[in-house]
Amino acid sequence: MKITAIRGFRDILPDESDLWQIVASQARTSFSTYGFSEIILPILEKTELFARAIGETTDIVEKEMYTFTDRDESSLTLRPEGTASVIRSYIEHSLHQKEPVSKLFYIGPMFRRERPQKGRYRQFHQIGAEILGRDDALIDAELLLMLNDFFTALRLDVSIDVNSLGCSTCRPQYREHLRTFGESKFAALCENCHGRLQRNPLRILDCKEEGCRHATSDAPVLADFLCDPCRQHFGQVQALLQNEQVKITVNSRLVRGLDYYCRTSFEVLALGLGSQNAVCGGGRYDGLVEQMGGPAIPGIGFAIGVERLAMLLQAQERQDSTVPDVFIVPVGEAAESQAFAVARRLRRDGYRIELESGRRSLKAQMRRADKLAVPYVLILGENEITAGKGTVRDMRTKADRSLAVDLSTSAQDMMNAIRAPSAQLADLSRPPEGNQHKAKSEV
RNA sequence: GUGGGUGUAGCUCAGCUGGCAGAGCACUGGGUUGUGGCCCCAGGGGUCGAGGGUUCAAACCCCUUCACUCACCCCA
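### A look at the packing of helix 7 (residues 171-184) against helix 8 (residues 191-199)
Between helix 7 and helix 8, the shortest axis-to-axis distance is 10 Å and the interhelical angle comes to 150°. In this view, helix 7 runs roughly antiparallel relative to helix 8, as classed from their interaxial angle. Here the hand of the crossing between helix 7 and helix 8 comes out left-handed. Of the residues in helix 8, those touching helix 7 at R175, R179, G182 and E183 are L197, Q198 and R199. Of the residues contributing to the contact of helix 7 with helix 8, the split by class is one nonpolar, two polar and four charged.

Laid out in structure tokens, this is it:
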């Protein structure tokens, strides 16, 4: 019986993992320009943390958490999201007393026991960012701006959907209006929405059913119910972003799942992800820190789904950053130790070197060099070893330069010799497939 | 948790009414004694997801089960 990865968990193999590196390093770069620092959090927390932060009646807490009993009978949970841990840490270390505003980001795995499907895994990864300590519109706008910068830097053309969910004074009123409205349209709504009407009426606004969309087309709009402070806040956020020409779409039907969101809420949707089409979701959560036993400190944050983002980037063309600079071909076993030493010397200077086996035919080695799209091959055969000089083949011009590289010189000198005439030929591109140029011989 | 689809070589997939397990790509060697892409030849690689049943004979028919996948729900 073959052992395989468990359901909903998966390996990220090298051709995908380099994409992850790009995403993670871009996040670090983009976020640091906005003054964010990385926080590294435990993956395991007390179950109570998530139950309180996310909400006892949410799907996540009710049926999706990996919860187990530790040897001392305490209940532990593999984190299903990151915000709760950030808040716990923020309160635990009294960060609010050390600085007026905390800007934190994290990257790591999250766990939810859902049925897997395209873009949804039981272990998935999020890049999240949180700003704690300020509730003014400037902060909301700054966070959205940063998000926009991040996606732009990855050359993804996305639009951010934004809405205001109001606060504890204005939302309950709207909620009741919407429920009354929904009950008046009861017959036209789907079965799911009948349940939503009881549990969370706002959810009927983003139902995918055609009938429900039609029935709710003239539903009351949340924006009309916002209290003055909320209305003003949301207006400022929009104005700030419009001044910066950030592409946002006000979507009055945008509602977010987790209990703690209020005021500014947003998500980034993308095509090509199947029905799990949100790459990023977030919003403001002003009462949460206090609710978790900390001081009354406002917060806002978002989480980006790394798998989904990687899927989007995969669809784009990518350049392979792992192509070796030089491919070393020892011909015969006798040449291997010399080749080994040369490879070592070049690598120590930071060059990417691929070393083949002298036991394989020259032809086979060349075939692989071609496959890797290597620009230069350094051939070390009998003649080269006795002369102490390597032969270079420029794979693009197909030109050999016999014994052109003195193997006793420094790595830098060897590289200069290997690349010598390539400066003039820098823009020479690889000929198209099937092209039958004759090899030029030189020297 | 609920539905649909699919499981055959490393990958993508053929395989008819049951009758010797196949192709393309990839990999390895050779054609070219020390030189890549195209072409040609050869080779390695399979518990046909698993278990049971029917049959002289099952990848194929029946039952059970597992996995993967897409969608609902929910969410990143």
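### Some points on helix 2 (residues 47-54)
Of all eight residues making up helix 2, six are buried, and the element is well covered by its neighbours. Burial in helix 2 covers these residues: T47, L49, F50, A51, A53 and I54. Against strand 2 (44-46), helix 3 (59-64), strand 3 (66-69), strand 4 (75-78), helix 4 (83-92) and helix 11 (288-291) lie the buried residues of helix 2.

### Here's the deal with the pairing of strand 14 (residues 376-380)
Burial analysis of strand 14 places five of its five residues in the buried class, which makes it a mostly covered element. By the bridge criterion, four bridges tie strand 14 to strand 15 (residues 389-394) in an arrangement that is antiparallel. Residue L378 lies in a different strand from strand 15, and its bridge partner there is V392.

### Topic: the state of the cysteines
Taken as a whole and assessed by the stated rule, the structure comprises zero disulfides. The thiol sulfur of C212 is not disulfide-bonded, and the nearest other cysteine sulfur, from C190, lies at 3.6 Å.

### A short note on the nonpolar core
Counting 51 residues, the largest nonpolar core has I87, L132, L178, C193 and L288 as its most contacted members. The dominant element in this core, judged by the number of residues it contributes, is helix 2, at five residues.

### Thoughts on the side chain of E130
For E130, the position within the fold is in strand 6 (residues 123-132). One buried charged residue, E130, remains without a salt bridge, the closest side chain of opposite sign being R284 at 9.8 Å. Reaching out from E130, the side chain makes a polar contact with the side chain of T83 at a distance of 2.8 Å. Of the polar contacts made by the side chain of E130, one reaches the side chain of Y285; its length is 2.4 Å.

About the criteria used
Residues numbered from 1 in each chain as written. Chains lettered and ligands numbered in written order. Predicted model: local features only at pLDDT ≥ 70, side-chain atom pairs only at ≥ 80, totals over all residues. Heavy atoms only, no water. Axes fitted to C-alpha atoms, helices over the stretch in contact; angles between N-to-C directions. Helix = DSSP H or I, 4+ residues; strand = E, 2+ residues; numbered from the N terminus. Parallel < 35°, antiparallel > 145°, perpendicular 65-115°, else oblique. Left-handed = near helix turned anticlockwise from the far one by under 90°. Contact = heavy atoms within 4.5 Å. Nonpolar A, V, L, I, M, F, W, Y, C, P; charged D, E, K, R; others polar. Buried < 20%, exposed > 50% of the residue type's maximum accessible area, 1.4 Å probe, protein only. Pairing = 2+ DSSP bridges. Disulfide = S-S within 2.5 Å. Core = buried A, V, L, I, M, F, W, Y, C linked by side-chain atoms within 4.5 Å. Lys, Arg positive; Asp, Glu negative; His and termini not counted. Salt bridge = Lys/Arg side-chain N within 4 Å of Asp/Glu carboxyl O. Polar contact = N/O pair within 3.5 Å; in protein donor to acceptor, adjacent residues only side chain to side chain.

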